Amino acid sequence: MPEVLLVPLTVKDSDAIGTLWLVAADAGHFNKEHARVTAELSAFTGMALRTVQTKQRLKLVLQQQETLMREMSHRIKNHFSVADSMVRMTARNAATKEELAETLSGRLHALAQANGLIRRSFGPDVAAVASFSDLIQRILRSHEREPAVLEGPPLAIGEQAANHLALIFHELATNAAKYGSLSREGGRVAVTWSTEDERVRIV
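Parameters and conventions
Residue numbers here run from 1 along each chain, matching the order of that chain's written sequence. Where totals are concerned, whole chains, interfaces and linings use all residues; where local detail is concerned, this predicted model gives features only for residues with pLDDT of at least 70, and gives and counts side-chain atom pairs only at 80 or more. With hydrogens and water set aside, each side-chain value is computed from the structure's full complement of heavy atoms. Strands are treated as partners if at least two bridges between them are detected by DSSP. Counting from the N terminus, the helices are the DSSP runs of H or I reaching at least four residues and the strands are the DSSP runs of E reaching at least two. All axes here are fitted lines through C-alpha atoms, helices being fitted over the stretch that makes contact, and every angle between N-to-C directions spans 0 to 180 degrees. Residue contacts follow a heavy-atom distance rule, with two residues in contact if any of their heavy atoms lie within 4.5 Å. Here the term patch refers to residues with relative accessible area over 30% and no salt bridge, with like charges joined within 9 Å and nonpolar side chains (Val, Leu, Ile, Met, Phe, Trp, Tyr) within 5 Å. Areas reported here follow the Shrake-Rupley algorithm with a probe of radius 1.4 Å; residue values treat only the protein chains shown as occluding. Criterion for a salt bridge: a side-chain nitrogen of Lys or Arg within 4 Å of a carboxyl oxygen of Asp or Glu. Within 6.5 Å between ring centres, the rings of Phe, Tyr and Trp (the latter by its six-membered ring) count as paired, and their orientation is classed by plane angle as stacked under 30 degrees, edge-to-face over 60, tilted in between. The classification of residues rests on relative accessible area computed with a 1.4 Å probe and restricted to protein chains. Under 20% of the type maximum is buried, over 50% is exposed, and intermediate values are partly exposed. Residue count minus one, scaled by 1.5 Å, sets the expected span of a helix. Put simply, angles under 35 degrees are roughly parallel, angles over 145 are roughly antiparallel, angles from 65 to 115 are roughly perpendicular, and the rest are oblique. Two helices crossing with the near one rotated counterclockwise from the far one by less than a right angle form a left-handed crossing, whereas a clockwise rotation gives a right-handed crossing.

Whenever strands of a sheet pair, they do so through backbone hydrogen bonds, lying parallel or antiparallel. Read from one edge to the other, the open sheet built from three strands follows the order E5-E7-E8, with strand pairing classed as mixed. At either end of the open sheet lies a strand with only one pairing partner, and these are strand E5 (149–151) and strand E8 (199–202). When the angles between neighbouring strand axes are averaged without regard to direction, this sheet yields 15 degrees. Set on the sheet, helix H3 (residues 132–141) makes contact with E5, strand E7 (190–196) and E8; between it and E7 the angle comes to about 160 degrees.

Attention shifts here to a nonpolar patch on the surface. On the surface, Val 4, Leu 6, Trp 21 and Val 23 cluster together into a nonpolar patch covering about 370 Å² of accessible area. Residue position: Leu 6 is located in strand E1 (residues 3–10).

Here the focus is the packing of aromatic side chains. Summed over the entire model, instances satisfying the criterion amount to two aromatic pairs. Each ring, one from Phe 132 and one from Phe 169, has its centre 6.2 Å from the other, and the planes form 75 degrees; the classification is edge-to-face. Here the residue Phe 132 occupies a position in helix H3, and Phe 169 occupies one in helix H4 (residues 159–178), the gap between them amounting to 37 residues. On the basis of relative accessibility, which here comes to 1%, the residue Phe 132 falls in the buried class.

Mapped onto the secondary structure, Ile 202 falls in strand E8. C-alpha of Ile 202 to C-alpha of Gly 152: the two residues are 50 residues apart in sequence and 9.1 Å apart in space.

With that out of the way, let us pick up H4. The end-to-end C-alpha separation of H4 is 29 Å, in line with the 28 Å expected for 20 residues at 1.5 Å each. Within H4, burial applies to Glu 159, Ala 162, Asn 163, Leu 165, Ala 166, Leu 167, Phe 169, His 170, Ala 173, Thr 174 and Ala 176.

Turning to the pairing of E8, a few remarks are in order. Of the strand pairs in this sheet, E7 and E8 are connected by four bridges, and their pairing is antiparallel. Within the sheet, the bridge partner assigned to Glu 196 lies in E8 and is Arg 199. Between E7 and E8, which pair antiparallel in sequence order, lie two residues; one of them, Asp 197, sits at a positive phi of approximately 55 degrees.

Following the criterion strictly, the structure yields four salt bridges and no others. A salt bridge links Arg 36 to Glu 40, with the shortest nitrogen-to-oxygen separation between them at 2.7 Å. With Arg 36 and Glu 40 both in helix H1 (residues 32–93) and four residues apart, this pair spans about one turn of that helix. Of the charged contacts, one joins Arg 88 and Asp 84 as a salt bridge, the two residues approaching to 3.0 Å between their closest N and O atoms.

Direction vectors running N to C along H1 and helix H2 (residues 97–116) enclose 150 degrees, while the axes themselves pass 9 Å from each other. The orientation of H1 relative to H2 falls into the category roughly antiparallel. Our pair here, H1 against H2, has a crossing hand that is right-handed. Mapping the contact onto sequence places Arg 75, His 79, Val 82, Met 86, Val 87, Met 89, Thr 90, Ala 91 and Asn 93 in H1 and Glu 99, Leu 100, Thr 103, Leu 104, Arg 107, Leu 108, Leu 111 and Asn 115 in H2.

So, in structure tokens, the structure goes:
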């Protein structure tokens with residue numbers, strides 16, 4: 001290559017992403033005009049690349065939004081199904097309408113608290129996860145006089161698991177508040193958990 005003209009290829013607000021090469025067969029071929037035209041070509045190419053990148057980002061955002069809308073629709077249907085099941089189950093075991101209202105209200109609040117902890121992460125898939133320790137702490141807070149003792153490794157749980165565990169721990173906390181340690185002055189609850197392979201042991 002007797003003579004080469006190199007011009008950085010840049011996209012606005014970013015570092016150079018490459019170079020434009022112009023190769024001449026003879027030495028002394030290029031002049032200032034060649035450099036000017038090549039610099040303009042580089043700027044134009046950079047704008048075109050930025051447009052392509054913007055289009056790709058917009059497409060990704062729209063895909064994530066569509067996935068989120070599908071997930072939300074599915075979630076709403078699940079909530080109605082869970083609420084219907086809770087009403088039927090509570091009605092079977094309640095002796096009075098006051099007991100029905102109190103029990104059902106507590107269960108719905110537990111479900112709402114669990115869903116308040118759900119966080120979504122966007123990547124190849126939309127994931128909905130919550131922290132197990134945060135969930136237990138939130139559920140027990142309304143029943144305890146002293147802070148609960150929580151001990152275990154960080155544990156991320158999916159949305160379905162969060163809903164189920166919220167209802168389970170709500171029932172356990174309610175029983176503890178009525179008949180167990182939380183019904184006495186100074187009473188506390190301790191929750192410990194450990195993981196082994198795909199198993200979780202909760203005490």
